[in-house]
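As a plain string of letters, each chain reads:
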Amino acid sequence: YVGLSGPYDIGHHFDYEAGRGVEELSPMKPACGSTRRSFRDNSPASRLMSNLVDVDETSTALLSQYFPPSLLLHGIEDSTVPFTATSEAGRIIRSCGITNCVEAYIGGTSHQETVMEMMLGGPTKDAVLEWLKSDDEEQQSNSISMVEKSRL
């Protein structure tokens, strides 16, 4: 799984959008059901956190076993979805006992640039391809990296 600049907690992101005055223009509200309950139900972060309630070692082992290797990638200069959304998602994933998740942060990269670089090339695409090509389980798990974007 590759997550690019994602708002993994919909309710938290809606609050962030409201603080910027764009919550009614954003597609997040209608796409996720328009209520706090539906925001929670549609949030990957909330769904993972629900697994932490009354879990035993067997459940944690199963969750870790079946959770796909994941790369959460975010541009540091993202003002649409703050990079802290990815760091919080990584923290939640680790708190569930999942170790096969990598966080990567691209310096000097905005929300739109993250998407454009995936299509046209650049540090974002390079980081994703490097991670996908890695067959080293240690490299694909439990790490946080910072990729610097060279200024042209």
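Here, every reference points to the structure presented above.
Residues numbered from 1 in each chain as written. Predicted model: local features only at pLDDT ≥ 70, side-chain atom pairs only at ≥ 80, totals over all residues. Heavy atoms only, no water.

### As for the overall build of the protein chain
On a plain count of helices and strands, the protein chain comes out with eight helices and four strands. Counted from the first residue to the last, the protein chain has its helices and strands arranged as β-α-α-α-α-α-β-α-β-α-α-β. Residues classed as buried in the protein chain amount to 39% of the 152 residues present. Of the contacts formed within the protein chain by residues at least 6 apart in sequence, a portion of 71% connects residues at least 24 apart. Only carbon and sulfur atoms are counted for the fraction: they give 55% of the accessible area of the protein chain, which is about 8,800 Å². (Helix = DSSP H or I, 4+ residues; strand = E, 2+ residues; numbered from the N terminus. Buried < 20%, exposed > 50% of the residue type's maximum accessible area, 1.4 Å probe, protein only. Contact = heavy atoms within 4.5 Å. Areas by Shrake-Rupley, 256 points an atom, 1.4 Å probe, with all protein chains shown as cover.)

### Focus on unusual backbone geometry
A positive phi angle is found at Ser5, which is not glycine, with a value near 50°. Taking the relative accessible area as the measure of exposure, Ser5 reaches 3% and is therefore buried. Despite not being glycine, Ser34 shows a phi value in the positive range, around 70°. Inspection of the secondary structure assignment puts Ser34 in the loop between helix H2 (28–31) and helix H3 (36–41). Take Ser34: its relative accessible area is 40%, and that puts it in the partly exposed class.

### A few points about the side chain of Thr124
Along the polypeptide, Thr124 turns up in helix H8 (residues 123–133). A relative accessible area of 0% means that Thr124 is categorised as buried. In this structure, Thr124 is in contact with Leu4, Leu73, Ile106, Thr109, Thr114, Glu117 and Met118, ignoring residues within four places of it in sequence.

### What about the packing of aromatic side chains?
Using the criterion set out here, one finds two aromatic pairs in the structure. Judged by centre distance (5.2 Å) and plane angle (40°), the ring pair of Phe14 and Phe39 falls under tilted. Within this pair, whereas Phe14 is found in helix H1 (residues 10–20), its partner Phe39 is found in helix H3, the two being separated by 25 residues in sequence. An identical accessibility class is assigned to Phe14 and Phe39; each is buried. Pairing Phe83 with Tyr105 gives two aromatic rings, centres 5.9 Å apart and planes at 75°, and the pair type is edge-to-face. With Phe83 in the loop between strand S2 (70–75) and helix H6 (84–95) and Tyr105 in strand S3 (residues 101–106), this pair connects stretches of sequence that are 22 residues apart. A relative accessible area of 7% means that Tyr105 is categorised as buried. (Phe/Tyr/Trp six-rings, centres within 6.5 Å; stacked < 30°, edge-to-face > 60°.)

### Considering the environment of Thr80
Structurally, Thr80 can be placed in the loop between S2 and H6. Residue contacts for Thr80: discarding those within four places in its chain leaves His13, Tyr16, Arg20, His111 and Gln112.

### Comments concerning H6
Counted at 1.5 Å a residue, the expected span for H6 with its 12 residues is 16 Å, and the 16 Å between its end C-alpha atoms agrees. Looking only at H6, the buried set comprises Ala85, Thr86, Ala89, Gly90, Ile92 and Ile93. Take H6 and look down its axis: the buried residues cluster within an arc of 160°, on one side only. On its buried side, H6 packs onto helix H4 (44–50), S2 and S3. (Expected span 1.5 Å × (residues − 1). Arc of directions from axis to C-beta.)

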